[in-house]
Structures are given as C-alpha cells and as structure tokens.
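The primary structure of each chain is shown beneath.
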Amino acid sequence: MPELSLVQLRHFCSVAEVGSIAEAARQNHVSATAVGSAISNLEQTLQTELCSRERSRGVTLTPNGHHFYREALRLVRSADDLLRIFPDSTDEYAHPLRIGAFHSLAPFVLPGLLEAFETEHPEVSCEFVTGTVLELVELMLTGEIHCFFSYNVFHRTNSLPAGLATETLYPTELQVLLAANHPLADRETLSANDLIDEPLVLFESNPSKRYSMPALGQLSPQAKIRYRTSDFELNRSMVARGMGYSLIMNPIPAGQSYEGLPLAKVRLDPPLAGTSMVVVRPEGRWQHPSTRSIIDLSHRLVTDGGLGSMI
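Residues numbered from 1 in each chain as written. Predicted model: local features only at pLDDT ≥ 70, side-chain atom pairs only at ≥ 80, totals over all residues. Heavy atoms only, no water.

Novice: How do you make sense of the nonpolar core when you look at a structure like this?
Specialist: Burial of nonpolar side chains together is a common tendency in soluble globular proteins. In terms of nonpolar packing, the biggest core is built from 65 residues, with I99, L113, F148, F149, V176, L178 and I294 touching the most fellow members. A per-element tally of this core places helix α5 (residues 106-120) first, with eight residues. Setting aside residues up to four positions removed in sequence, L113 forms contacts with I99, F149, I294, L297, S298 and L301. Counting residues in each nonpolar core, the second largest holds 19 residues, with L9, L50, F68 and A72 among its members. (Core = buried A, V, L, I, M, F, W, Y, C linked by side-chain atoms within 4.5 Å. Buried < 20%, exposed > 50% of the residue type's maximum accessible area, 1.4 Å probe, protein only. Helix = DSSP H or I, 4+ residues; strand = E, 2+ residues; numbered from the N terminus. Contact = heavy atoms within 4.5 Å.)

Novice: Help me understand the pairing of strand β4 (residues 126-131), please; the structure alone is not making it clear to me.
Specialist: A regular strand places its side chains so that they alternate between the two faces of the sheet. The pairing of strand β3 (residues 97-102) with β4 spans six bridges and is parallel. Within β4, the position partnered with F102 by the bridge is G131. Traced from β3 through α5 to β4, the parallel crossover comes out right-handed. (Pairing = 2+ DSSP bridges. Right-handed = clockwise from strand over helix to strand, strands pointing away.)

Novice: Explain the side chain of Q8 here, please?
Specialist: Mapped onto the secondary structure, Q8 falls in helix α1 (residues 6-18). Among the residues examined, Q8 registers a relative accessible area of 9% and is labelled buried.

Novice: Which parts of the structure should I look at to understand the environment of P171?
Specialist: For P171, the location among the structural elements is in strand β6 (residues 164-179). We classify P171 as exposed; its relative accessible area is 67%. On a C-alpha basis, the gap between P171 and M277 in space is 6.3 Å, while along the polypeptide they are 106 residues apart. The contact partners of P171, leaving out residues within four places of it in the chain, are T275 and S276.

Novice: How should unusual backbone geometry be read in this particular structure?
Specialist: The omega torsion across D269 and P270 is 5 degrees, close enough to zero to call that bond cis. One non-glycine residue, Q47, lies in the positive phi region at around 55 degrees. Relative to the helices and strands, Q47 resides in the loop between α3 (32-46) and β1 (51-54).

Novice: Would you take a moment to explain the pattern of salt bridges for this structure?
Specialist: Oppositely charged side chains are able to pair whenever their charged atoms sit close together. Scanning the entire structure with this criterion turns up 11 salt bridges. Across the pair E120 and R300 runs a salt bridge whose closest N-O atoms are separated by 2.3 Å. Of this pair, E120 sits in helix α5 while R300 sits in helix α11 (residues 291-304); the two residues are 180 residues apart in sequence, bridging distant segments of the chain. Residue classification places R300 among the partly exposed residues on the basis of a relative accessible area of 37%. Each of E167, R281, R292 and D296 takes part in one network of salt bridges that share partners. (Salt bridge = Lys/Arg side-chain N within 4 Å of Asp/Glu carboxyl O.)

Now the structure itself:
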C-alpha cells in the first residue's frame, strides 16, 4: 500500500493554494527543490498527474489534483486539530535536521551529501553549520546539531565526551601539498630528506594541529616553519605561490587556489600515520528521526564512490 507523509501533503496544499512552488517554499521555510520533489513523489506514489507546471501560468491543478487537494486538506486540518488536542505532540519531521562539518572538509562533503539527501528525503528540511571540532562537539552537546563530520581526532586523545559516538567512513593520510610548478611536484613520492631544506606553511587549525605537529616530529623535527595559519584556503594560496610546502589530509584534492594557481600533492614514503573521516552522532536516543538516514546515506555514498570521489 502506498505511503504518504504529512509533510508532502502540507507542501502540496500550499502549492495548490498559492499557485507557485517558489512561494509555497518561502512560506514553509524550505527549498523550492524540496517542495517540487514532494509533489513529484506524490504523483509517483499515486500514479497520476496532480498539477501542471508552466512558467507563464505557474502551477495549476489537474482534475485529479483538485480532488486530491480537497482530501489532502481535510487530512492536514485533522492533523492540526490533533496537535491542538495534544499540544505536547509534534511532527518531528517538521523540525530541520541540523548537521555540522569541520570547516576545511565542508566544501568537499556537504554539497553532494545535501543534494543526495534532499533528493531521497524531500519531506525533511536540512540545515548545516561549519566550525572547528571543539565548536561542533559543543553544538552536539547542547542539542543544536544532530551529527557532524570530521577527522577522527578522538582515538588518540580519548577526548570524545560521554554520550557521543563515532562511525568511521574511510581512512585518510597526510600528504605533501606543493605548487604545481615546484621542482618536487612531479615526484611520485617524497621523503623527509627531500623536504628538510624546504620552507613549510603550517596549517594549524583544530584538528589538523593534533596531526600536523606529531607528523612533523616523524617527518623532520628540524622542519623549517616559515608561516603558520589556521585558514585552509590561505594555506593553499600561499603554497600555490611557491611560498613553501604544506601537509594536506588525503583524499582532499589539490586542485587550485582561490587565485586560480594550480596545486599538486605527493605521497610520503614512508607514509605517516593517518586518521579517518568519521561522523559523530549521539550514543543513545536520536534527537531527530532522520539522523540515521543521513548517516546511512553517507556510508552508501562512500561505498558507491560518490562521497569518496568528491573529497
């Protein structure tokens, strides 16, 4: 038997009443894509066309759409009456799912993950924040976010607070980031001796500092640190100008800097001990019913090569 969600019905009724997906999205504080997908899913479930979408005329209901609107509106109003009778009951899906990401990972993780989640779960509004690991942990503990993505800085320091747990997505390792025209950029691997006389632009943002500093001890205790920065893109821009090398957590791509200058990355031989990318989640009761869904999706994207190929 086909299943319909209350959120889908609310989105459809809003579009039927205002005649516009964009306006319905604005009034419901969700994206137009979420509203459009909700209607498409309804049509697919019911195997009938509910509305016609034209740029010049907006959205108009089909005869089946008019009939469905009357019944859907009745159900939505009944649900609203039920919530008024039981004021402590709420539609959990009406609240946004809020996720976090370590700031240097966010550009490589969030866009594809959010796009895929919105496609699979158009009924769920999703919001995100970025920050340091310490900031994200604090947001988790206060209930302001429901999960977050980061490098695993917890297994070495045993600093994961009680009530939180991690799930590993894939392993990572430190590699050398260089300007594409650097004499060492064409090498397949580099050793500590190759870098001993090279200036270093050290990226120290949490949690990278917890890995970069021990890594320098393994690589070369006499590393020549020329600059220090906690800004990831500034670090990449300085390296791209040939101001020194840096250490980057694979599999983040080298790509190019903000200024459009090309970068390259080279593996270390022997490799330095790496870490892993993890999702941090509540250990006990989920604070949002869709938390498990987005975590399962992230695992699936890694398995399919989607999330891994992006980062």
